[in-house]
Amino acid sequence: MRGDVAPDALGMTLCHEHLYTRPSLRLQDGGDMVLDDEQRSVDELALFVQAGGSGLIELTVPEFGRDVAALRRISEASGVHVVATTGHVSEDYWAEALDVPAMSEEQIVEEMVRDLTHGCDGTNIRAGIIKAGSSLDEVSPTERRVLRAAAKAQRITGAPITTHTTAGTMAAEQASILLDAGADPQRVCLGHLDRRMAYEEHRALAADGFFLGYDCFSKDWYEPDSARVDSIMRLVRSGFGGQLCLSGDLARRSQRVSWGGGPGYTFVPWRVLPWLRREGATEEDVHQIMVGNPRRLLTW
C-alpha cells in the first residue's frame, strides 16, 4: 500500500486475509461481515507484529467493499506491508451494483491492468495481486471469463494471481483454465484448498508448479486443523514445502480480537507454527512457508 517493497524486506506474511470490508447488505450477516473500523484493524495488526508478522495479502475485491485509501492508512499506522488486490471473486459475492457479467473479457483485463499499474478506484494506490474465483462445484461462464482475464493481465504485467475456490472445489478446473489462457503456475496460488482435504489432488497441483492456499486455519467446521497440519507435513516430506501459503481468511468481526472475538491474526504464528514444529517441521521449513513462499509469489 505504501509503494514497492524490496522482496527481502518482506518477513512473515499471511497470504489470504481481510482488513477492511463494506459488503452489500445481503452479504453482511447481521454486521458480522463488516470490518469498517480502521483503528481496530491497526490494533489487530499490532498483535500480529508481536507474533513476528510483517506482511499481509488483503484480498477484499471491489464487490466486497475494497477501500485502498483505508488500507494505506492502516498499513502506515501499523507498519505492516499490506498488499491490495484487483479482480473479482465468485458469483455469490457480486454485489447488485457491480455488473461483472456485463463486462467483456477485454474490459476485465483493462480494469486489472489499470489497478496494477496506475492505481485503484481513482487513486495512485496500486494493487499487487489479481484475484479470481469459482462457485461450488462449477465454474460459471462469467467466472471463466474472469479467470481468463486474470491470466491475460498476468501476462501483461507479471503480477501474481490468487484464487477463491468455494469449499475447495474446482481447483483443478481453475488451474486448467488459467494454464490454457497462458498463466504461469509458479505465479498462481489456488485458494481455500484446505476446506476440502484432497491430498493427492493438492500434491498434483503442487507438482505442476502452483502454490497451494491453506488459508482457513482455525475454521474447524470446514476441516479440522489436525488434517491441515497432517497434509502440510506430507507435502513438506514430499518436497513440496515451497508450494504452501498459509493464512486464516478472517473476514468477520467475531473472528477478530479487536472486535472482542478471535482467534485473530496470531493464530497461525502462535498456534499453527509450533504445531508444525512438533510434527517435525524444521526452522528452514517454517521460514520457507511463511517468508520465502510469499516473497516468491509476490515478486513481480
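Here, every reference points to the structure presented above.
The rules behind each value
- Residues numbered from 1 in each chain as written.
- Predicted model: local features only at pLDDT ≥ 70, side-chain atom pairs only at ≥ 80, totals over all residues.
- Heavy atoms only, no water.
- Helix = DSSP H or I, 4+ residues; strand = E, 2+ residues; numbered from the N terminus.
- Rg over C-alpha atoms; globule rule 2.2 N^0.38 Å.
- Buried < 20%, exposed > 50% of the residue type's maximum accessible area, 1.4 Å probe, protein only.
- Contact = heavy atoms within 4.5 Å.
- Areas by Shrake-Rupley, 256 points an atom, 1.4 Å probe, with all protein chains shown as cover.
- Lys, Arg positive; Asp, Glu negative; His and termini not counted.
- Charge placed at Lys NZ, Arg CZ, Asp CG, Glu CD.
- Phe/Tyr/Trp six-rings, centres within 6.5 Å; stacked < 30°, edge-to-face > 60°.
- Lys NZ or Arg CZ within 6 Å of the ring centre and 35° of its normal.
- Arc of directions from axis to C-beta.
- Salt bridge = Lys/Arg side-chain N within 4 Å of Asp/Glu carboxyl O.

Q: Let's hear about the overall build of the chain: which residues, and what values?
A: The secondary structure content of the chain amounts to nine helices and nine strands. Whereas a compact globule of 300 residues would reach a radius of gyration of roughly 19 Å, the chain reaches 17 Å, a difference of no more than 12%. Dimensions of the chain along its principal axes, counting C-alpha atoms only, are 50 × 40 × 40 Å. Within the chain, the proportion of its 300 residues that are buried is 60%. Look at the contacts in the chain between residues 6 or more apart in sequence, and 75% of them connect residues 24 or more apart. For the chain, the exposed area adds up to about 11500 Å²; of that, 47% sits on carbon and sulfur atoms. Each charge sign in the chain was given a centre, from 31 positive and 44 negative side chains, and these centres are 2 Å apart.

Q: Report on the packing of aromatic side chains, specifying residues and quantitative values.
A: All told, the structure shown has three aromatic pairs when counted by the stated rule. Arranged with centres 6.3 Å apart and planes meeting at 70°, the rings of Phe-48 and Tyr-265 form a pair that is edge-to-face. Within this pair, whereas Phe-48 is found in helix H1 (residues 38–50), its partner Tyr-265 is found in the loop between strand S9 (244–246) and helix H8 (267–278), the two being separated by 217 residues in sequence. Summarising the aromatic geometry, the rings of Phe-64 and Tyr-93 are spaced 5.9 Å apart at their centres and angled 70° between planes, so their arrangement reads as edge-to-face. Within this pair, whereas Phe-64 is found in the loop between strand S2 (53–58) and helix H2 (68–78), its partner Tyr-93 is found in the loop between strand S4 (85–87) and helix H3 (105–117), the two being separated by 29 residues in sequence. Given a relative accessible area of 28%, Tyr-93 falls into the partly exposed group. The positively charged end of Arg-195 is found above the aromatic ring belonging to Tyr-222, 3.7 Å away from the centroid.

Q: Which residues make up helix H5 (residues 171–180), and what values go with them?
A: Among all positions in H5, only Ala-171, Gln-174, Ala-175, Ile-177 and Leu-178 are buried. The buried residues of H5 occupy an angular sector of 165° when the element is viewed end-on, so they sit on one face. Looking at the buried residues of H5, the elements they touch are strand S5 (129–134), helix H4 (141–157), strand S6 (161–165), strand S7 (188–190) and helix H6 (199–207). After H5 finishes, the residue Gly-182 shows a positive phi value of roughly 100°.

Q: Please set out the pattern of salt bridges residue by residue, giving values where relevant.
A: By the definition in use, this model includes 16 salt bridges. Asp-32 is paired through a salt bridge with Arg-252; the nearest N and O atoms lie 3.1 Å apart. Of the two residues, Asp-32 sits in the loop between strand S1 (12–17) and H1 while Arg-252 sits in the loop between S9 and H8, which places them 220 residues apart along the sequence. A relative accessible area of 18% places Asp-32 in the buried class. Notably, a salt bridge pairs Asp-115 with Arg-66, separated by 3.4 Å at the nearest N-O pair. Highlighted residues: Asp-115 in helix H3 and Arg-66 in the loop between S2 and H2, separated in sequence by 49 residues. Assigned by exposure class, Asp-115 and Arg-66 land together as buried. One connected set of salt bridges, linked through shared partners, spans Glu-105, Arg-148, Lys-152 and Asp-180.

Coordinates in, geometry out; function isn't part of it.
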